[in-house]
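Descriptive analysis of the structure
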Amino acid sequence: MYLLELGGEDDAFAAREAASGAADIRRIAPGLAVANAVAPERIRGLAYTHRASELLGRTDADPASARTLLEAASIDRDGTVAVRATDVHGSSGVDSGRIERELGQILVDRGFAVDLDDPDHVLRATFSEGRLEAGGGLEADNATGDLFASEPGDGALDEPVSVCALGWLAAESVRDFGSRAPTDKPFFQPGSMDPLLARAVANVAGARPGATVLDPMCGTGGVLVEAGLVGADVVGTDAQAKMVAGAQENLGYFLDSDDPSPVGVERGEWHVGRGDGTRLPLADDAVDGVVFDAPYGRQSKIETHRLEDLVSGALAEACRVAPRAVVVADRSWAGEARAAGWELEAAFERRVHRSLTRYVLILERR
C-alpha cells in the first residue's frame, strides 16, 4: 500500500490524474490518498501529486498517536534515515519540526543513524484533519449537457477525518513547472494554459513513453510540451499559421534535446502542422489520446467555423482517431460529446480567476 500526497485545490482532480501513475486510489483525508501500487517513473511526471511513499501505517492526527505507531511498526530497512513531516493545509496544528525530532529519536533508539543531508531512507509523516469532501467532480444532464455538482459516492466523504500517515518515500514529482511559465516560453500568447494543468490533462489523456497524443487546436503547444516531457510522441494542428509557427518554436525549444527530460525519460518526438481540427489528416485510431482547449464563448467565430460547429467537428474527429479525449473549455460540451460518440467518464471544474472557470471533460469512446 502506498500513500499519495496530493496538491492543488481539488483532491478529486488530483486523484484522477494520479491514476495515470498509481492503481486503486482512495482518498483518506484532505490532501492524502492511498493506492495499492505505484509506478515511480510515472509519479515523477505528475502535476498534482507531490510524493508517493510506501505506507508504514496510519493513525489519528496527533503526535502521541504518531509516536505510538512508529514505536510499534515493523521496519525492515538498513542505512541512514531522516524524518520529514507535513501538516496538510495547516489543518492539524502539529509542530512539524518537533514531530520530526521526536520520530527521529524513536528511529535512533531502534538503531538507525540520522542523516539529514543525504539519507538512505526518508520517513514521511503527514498530518491532515478536515472534511473529506467530494471535490470538484461534476456530472452532466443527459438532455442538456449542463454540468452540475455530483453527490459523494461514499458516505464517508461527508465525514470529518483526522489522519496521520507514516510512509517511506518512494518517489517525488519533479517540480520544475515554474521554468515553463507561459510568459517565459519562446512564443507566448495571452490565455495560454499554465504548465501544471497542461501536464495534468496530458497525463489523463494517456501521455507516457510509447504513447502518441494529439492536440488538434494546439495554440502555443503548451499541452504538447508537457506530454512530450513525460515521454509521449506528440502531434499538433492549428488553423492559424502564426500559432503553428509559435508551437513549433516552443516544442523545438523544450523537446529537441538528446538529454533525458527532467522526469528522467526520453523526450517525445513531435510534429505540428497547419490544419483543420474538424478534418484531421490522420487514419482511424492513429493516436492514443486527444487533448484540446476549446475556444471560449467570447470567440463567436474561429476562421470559417461557428464555435459550436468547430467543437462538434473536433469531437467527432477525435472520436475517430483515438479512444480517449480530454477537453478543456469554459462550458460543458457534454451534449456535443455524446452526439459525437463519446461517454463522459468524469468532469471537473478548475477556477482560473474571478472571470474564468475552466471545465475539464474526460471522455471515453463508446
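Residues numbered from 1 in each chain as written. Predicted model: local features only at pLDDT ≥ 70, side-chain atom pairs only at ≥ 80, totals over all residues. Heavy atoms only, no water.

Right, let's get into the environment of Val174. Looking at the secondary structure, you find Val174 in the loop between β12 (160-172) and α5 (195-204). Given a relative accessible area of 21%, Val174 falls into the partly exposed group. Put simply, Val174 and Thr49 are 125 residues apart on the chain and 9.9 Å apart in space, counted from C-alpha to C-alpha. When sequence neighbours within four positions are dropped, the list of residues in contact with Val174 reads Arg44, Pro262 and Val263. (Helix = DSSP H or I, 4+ residues; strand = E, 2+ residues; numbered from the N terminus. Buried < 20%, exposed > 50% of the residue type's maximum accessible area, 1.4 Å probe, protein only. Contact = heavy atoms within 4.5 Å.)

This brings us to the environment of Pro40. Residue placement: Pro40 occurs in helix α2 (residues 40-43). Each C-alpha atom of the pair Pro40 and Gly21 lies 7.5 Å from the other, and the pair is 19 residues apart in sequence.

To continue, consider the nonpolar core. Ranked by internal contacts, the top residues of the largest apolar core, which has 49 residues, are Leu4 and Val201. Once residues lying within four places of it in the same chain are set aside, the contact partners of Leu4 are Ala18, Ala22, Ile25, Gly31, Leu32, Ala33, Ala35, Val38, Thr49, Arg51 and Ala52. The next biggest cluster of nonpolar side chains, apart from the first, holds 28 residues, and it includes Met217, Val311, Ala325 and Ala334. (Core = buried A, V, L, I, M, F, W, Y, C linked by side-chain atoms within 4.5 Å.)

The subject of this paragraph is the sheet that holds strand β7 (residues 80-87). Taken in spatial order, the 8 strands of this open sheet run β3-β4-β1-β6-β12-β9-β7-β8, and their pairing is mixed. Because the sheet does not close on itself, it has two edges, and the strands there are β3 (26-29) and β8 (113-114). By the bridge criterion, 2 bridges tie β7 to β8 in an arrangement that is parallel. Note on β8: the bridge partner recorded for Val81 is Val114. Sheet strands in contact with helix α1 (residues 11-18) are β1 (2-6), β3 and β6 (49-59), and its direction is about 140 degrees off that of β3. Seen against the sheet, helix α3 (residues 63-72) touches β6, β9 (121-131) and β12 and runs at an angle of roughly 80 degrees to β6. (Pairing = 2+ DSSP bridges. Axes fitted to C-alpha atoms, helices over the stretch in contact; angles between N-to-C directions.)

Attention now goes to the pairing of strand β16 (residues 289-293). Counting buried positions along β16 gives 4 out of 5 residues, so the element sits mostly inside the fold. Examined bridge by bridge, strand β13 (residues 212-215) and β16 share 2 bridges and lie parallel to one another. Bridged to Leu214 within β16 is Val290.

With that settled, the discussion passes to a negative patch on the surface. Together, Asp233, Asp258, Asp259, Glu266 and Glu269 make up a negatively charged patch on the protein surface. With respect to the helices, strands and loops of the structure, Asp258 is situated in the loop between α7 (241-255) and β15 (270-274). The class for Asp258 is exposed, based on a relative accessible area of 84%. (Patch = residues over 30% accessible without salt bridge, like charges linked within 9 Å, V, L, I, M, F, W, Y side chains within 5 Å. Areas by Shrake-Rupley, 256 points an atom, 1.4 Å probe, with all protein chains shown as cover. Salt bridge = Lys/Arg side-chain N within 4 Å of Asp/Glu carboxyl O. Lys, Arg positive; Asp, Glu negative; His and termini not counted. Charge placed at Lys NZ, Arg CZ, Asp CG, Glu CD.)

Here we come to α3. Those residues of α3 not exposed but buried are Ser65, Ala66, Leu69 and Leu70. Down the axis of α3, the sector holding all buried residues measures 130 degrees, keeping them to one side. Looking at the buried residues of α3, the elements they touch are β6, α4 (96-109), β9 and β12. (Arc of directions from axis to C-beta.)

A complete count under the given rule lists 3 aromatic pairs for this structure. An aromatic cluster is defined as three or more aromatic residues linked by ring pairs; in this entry it consists of Phe13, Tyr48 and Phe348. (Phe/Tyr/Trp six-rings, centres within 6.5 Å; stacked < 30°, edge-to-face > 60°.)

At a closest axis distance of 8 Å, the pairing of α1 and α5 adopts a crossing angle of 50 degrees. Classed by the angle they form, the pair α1 and α5 counts as oblique. When α1 is examined against α5, the residues Phe13, Arg16 and Glu17 are found in contact with a partner set consisting of Leu197, Arg199, Ala200, Asn203 and Val204. Tallied by class, residues from the contact of α1 with α5 come to 4 nonpolar, 1 polar and 3 charged. (Parallel < 35°, antiparallel > 145°, perpendicular 65-115°, else oblique. Nonpolar A, V, L, I, M, F, W, Y, C, P; charged D, E, K, R; others polar.)

Quick look at the pattern of salt bridges now. Evaluation of the coordinates by the stated rule reveals 22 salt bridges. The closest approach of N and O atoms between Arg365 and Asp285, which form a salt bridge, is 2.6 Å. With Arg365 in strand β21 (residues 356-365) and Asp285 in the loop between β15 and β16, the pair connects residues that are 80 residues apart, well separated along the chain. We note a salt bridge from Arg331 to Glu308, for which the minimum N-O separation is 3.9 Å. With Arg331 in the loop between β19 (324-329) and α9 (334-339) and Glu308 in helix α8 (residues 307-321), the pair connects residues that are 23 residues apart, well separated along the chain. On the basis of relative accessible area, Arg331 is assigned to the partly exposed category, the value being 28%. Shared partners join several salt bridges into a network, and the residues in it are Arg306, Glu308, Asp309, Asp330 and Arg331.

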